[in-house]
Amino acid sequence: MASVVGTHRIRGDARAKASGATIYTADVALDDPLVAFVRRSPHPFARICRIDIDKARAMPGVAAIVYSGNVPEKRLAFGIKDQYLFPRDFVRYAGEPIAAVAADTEAHARAAAAAIEVDLEPVEPILTIDDALAPDGRLVHPDWQTYEKGEGRVLDRNTCGYNRIRRGDVDKAFARADAVVESQFRFSHGMPAYIEPRAALARKEPGGGLTLWCGSQTPYDNRDSLAEFFDLDVEKVRFVNQFVGGGFGGKLVMAAEWYAAALALACDRPVRLVWSRLEDSLNVYPRHGGRATFRSGARKDGTLLAMRASIVFDTGAYLGWGGGSALIASMLASAPYRIPDLDIEARLVYTNKHNAGPVRAPGGPQTNFAKELHIDQLARELGIDPLEFRLRNAWVEGDSGPTGQRLEGVSAKDVLERAARAIGWGTPKQAGRGRGLACTWWFSSCTESRARVEITGEGRVRLHSGNPEVGTGSAAWALPMLAADALGIAPEDIEIVLADTASATYDGGVGGSGSTFGSGMAAENAAKDAREKLIARAEDVLEARAEDIELRSGRAYVRGAPDHFVDFAALAKSAGGMIEGKGEAVGSDDPEFDASLVESHSFASWMAPSFTATAAEVDVDAETGRVRVRKLATAQDVGFAVNPPGVIGQIEGGAVQGLGWALTEEMRYEDGRFVNPSLGGYLLPTAVDAPEIEAIIVEHPSKEGPRGMKGVGEPPVTTPAGAIGNAIRDAVGVVPYEAPMTPERVWRAIEENRG
């Protein structure tokens, strides 16, 4: 049977999703659930003087109220323990949950939440990076010195993350450069903007157990955190993950799950918490806003000599899962270019805003936007074509990365040339039209994962994986493809059971471009284990040697004897009713790097790196600043495409998401309050706004990835903004160094350039 891996097939969950049959968390039906509502802070920063729930507790229909006074006095287990489930001393952002109520109706829950007596004494908030970094300035966390933190974490007043990569002597290199340019950038916070707002249902079980239905990206990690916090036996806590209506990193960290669970543990009925778009936006974990400064020097022949860069991210009120952005940013800032002398630092600071999170490719769009506009600026200063400038400096096989890691499977020049060719780079164009490029690298990760394959006495094949399906098609389709290939059946013939923590599997979740890489490896290995057991059984039944047996279409055949076979059902029955295969992901060691080049850096080498380039063609109306993106072409090295339509979907989705971050999406704050939380005010691009998109799959196999694959999900969102910005400058000679590049900002840049 021909391999199904690498072929174009309609994904298995498509029909159910298109017809509305897919069950999401809000669709889960439980008997007689209570309805929950969360009371939030109206202030960005205030001292908590008093919280009294007595009056609210006595209101009609109220079953439970949870707040700082009746949940465990523990800090949440992040890299820096700076956050309680409910705040105890200060509220630190507008919208921060103060209490949650469960009642028989939503109206009763809302009324009781409003009746909770909360005395808050407003404090002047810290809203900008400058305020946060002011020497001896005010503090978001006055008691920061008492916080526990992980090894290597940096915490100093309002700085809650810092790392540096330093190589050579940058100042000496600048002195011998023919051109040195400096650029300063700003970028907004951005919402993950998944379609399905967060929801959770929780039910206390007899004997100290808890069952929670949710749409998490990391149900196992979330289960462990929740069990630890509430002192529950983790074996008695079950997360039943549903299909997820988009996550983009925003559902790695629990939100509604916490409050539904706390309320369910405080009463005897299930609790249902389904957020509206507004409520979800008030509790969102956005992409980091921030600023960056780049200064680089090169010889007149275009050889890059040195770069100094500083990136500062506004991580909001708490660290949460936001620490990775700064680590990734410093690894991206000079890549994928050969620059001998480097001095790059990245920092996280607290402010009184939402705590930022690991939104798809954390740190990627921001850093690549700044870096790629800066690289173009230097190329133009030297009078060298931007593509040619990049090709002269791009990494090649055997080069060293920023931290001394020896690079393998390098395809930077290949993706650049393919993307540029796709938009007709170098061909004539009309006035007001511009073309731009951006290029980067990214890591692969091998998610810890264990999977099972069951073959039943009825001949059914069932794949159990702990990996959730978040819309990418990885869990719902790439994993069955890999398992089907090992068993000689069609992926449509495999039933999948995903992300139920009671299914005797485990998975690190969806993140870090690691799902198909790690979870796929576990699924394929489980299927291979089942295959060996099927063949071992078939040897006896067919009286043939294992090497003469092949699996096809749910049967074991003796090669060359098409009438001599036994089906899977019979083999399973002969084994007592079921054959089970187990498999797990086998990780690789991180590549070696030069530790003397880094400071406070825990992610200084990248396994199986991939390379991605985007080329953009735009039209710019110089009178209004309006930008129309005509085409985005992204060439991405995925090593090996297990599920090509899934890869194309990731590239196309990344292009549109990158388009929004580049041109329209902006979280606006006034006096510390998020003022455009609805999708009426936060401008996501729609299908009408999407330009022509060309997805170019490039395959330079890695040594580490199964079948040579590399991570796929995150890179394509990191390059469109830089490419669009460079295309704007190509069209009108100038570009705002601030994202989003709104019509007003583009127009102002044009006017300032005109003088």
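What you see is a predicted model; the values in this text were computed from it and never measured.

## Structural notes on helix α12 (residues 412–422)
Every buried residue of α12 is listed here: Ala412, Asp414, Val415, Leu416, Ala419, Ala420 and Ala422. Buried residues along α12 sit in contact with α11 (386–393), β16 (433–442), β26 (610–620), β27 (627–637) and β30 (692–698). Positive backbone phi, approximately 75 degrees, marks Gly424, located one or two places after α12.

## Thoughts on unusual backbone geometry
The residue after Ala335, namely Pro336, is reached through a cis peptide bond having omega 0 degrees. Topologically, Pro336 is positioned in the loop between α9 (324–332) and β15 (341–350). Residue Pro740 is reached from Ala739 by a cis peptide bond, and omega for that bond is 5 degrees. Within the secondary structure, Pro740 is located in the loop between β31 (738–739) and α18 (743–754). Phi at Asp136 is positive, roughly 60 degrees, even though this residue is not glycine.

## Describing the packing of helix α6 (residues 219–229) against helix α7 (residues 256–265)
Between α6 and α7, the least distance of the axes is 11 Å, while the angle of their chain directions is 40 degrees. Taken together, the axis directions place α6 and α7 in an arrangement best described as oblique. For the pair α6 and α7, the sense of crossing is right-handed. Touching Ser225, Leu226 and Phe229 of α6 are Glu257, Trp258 and Ala261, all from α7. Broken down by class, the residue content of the contact of α6 with α7 amounts to four nonpolar, one polar and one charged.

## A few points about the sheet that holds strand β23 (residues 561–567)
Across a sheet, strands are paired by hydrogen bonds formed along the backbone, either parallel or antiparallel in direction. With antiparallel pairing, the three strands of this open sheet are ordered in space as β21-β22-β23. Every interior strand has two partners, whereas the edge strands, β21 (549–552) and β23, have only one. Along the sheet, successive strands turn relative to each other by an average axial angle of 35 degrees, direction set aside. Examined bridge by bridge, β21 and strand β22 (residues 555–558) share four bridges and lie antiparallel to one another. Residue pairing across strands places Glu550 opposite Tyr557, the latter belonging to β22. Contacts between helix α14 (residues 515–542) and the sheet are confined to β21, β22 and β23, with β21 contributing the most and set at about 120 degrees to the helix.

Here is what the cut-offs are and how they apply
- Residues numbered from 1 in each chain as written.
- Predicted model: local features only at pLDDT ≥ 70, side-chain atom pairs only at ≥ 80, totals over all residues.
- Heavy atoms only, no water.
- Buried < 20%, exposed > 50% of the residue type's maximum accessible area, 1.4 Å probe, protein only.
- Helix = DSSP H or I, 4+ residues; strand = E, 2+ residues; numbered from the N terminus.
- Contact = heavy atoms within 4.5 Å.
- Axes fitted to C-alpha atoms, helices over the stretch in contact; angles between N-to-C directions.
- Parallel < 35°, antiparallel > 145°, perpendicular 65-115°, else oblique.
- Left-handed = near helix turned anticlockwise from the far one by under 90°.
- Nonpolar A, V, L, I, M, F, W, Y, C, P; charged D, E, K, R; others polar.
- Pairing = 2+ DSSP bridges.

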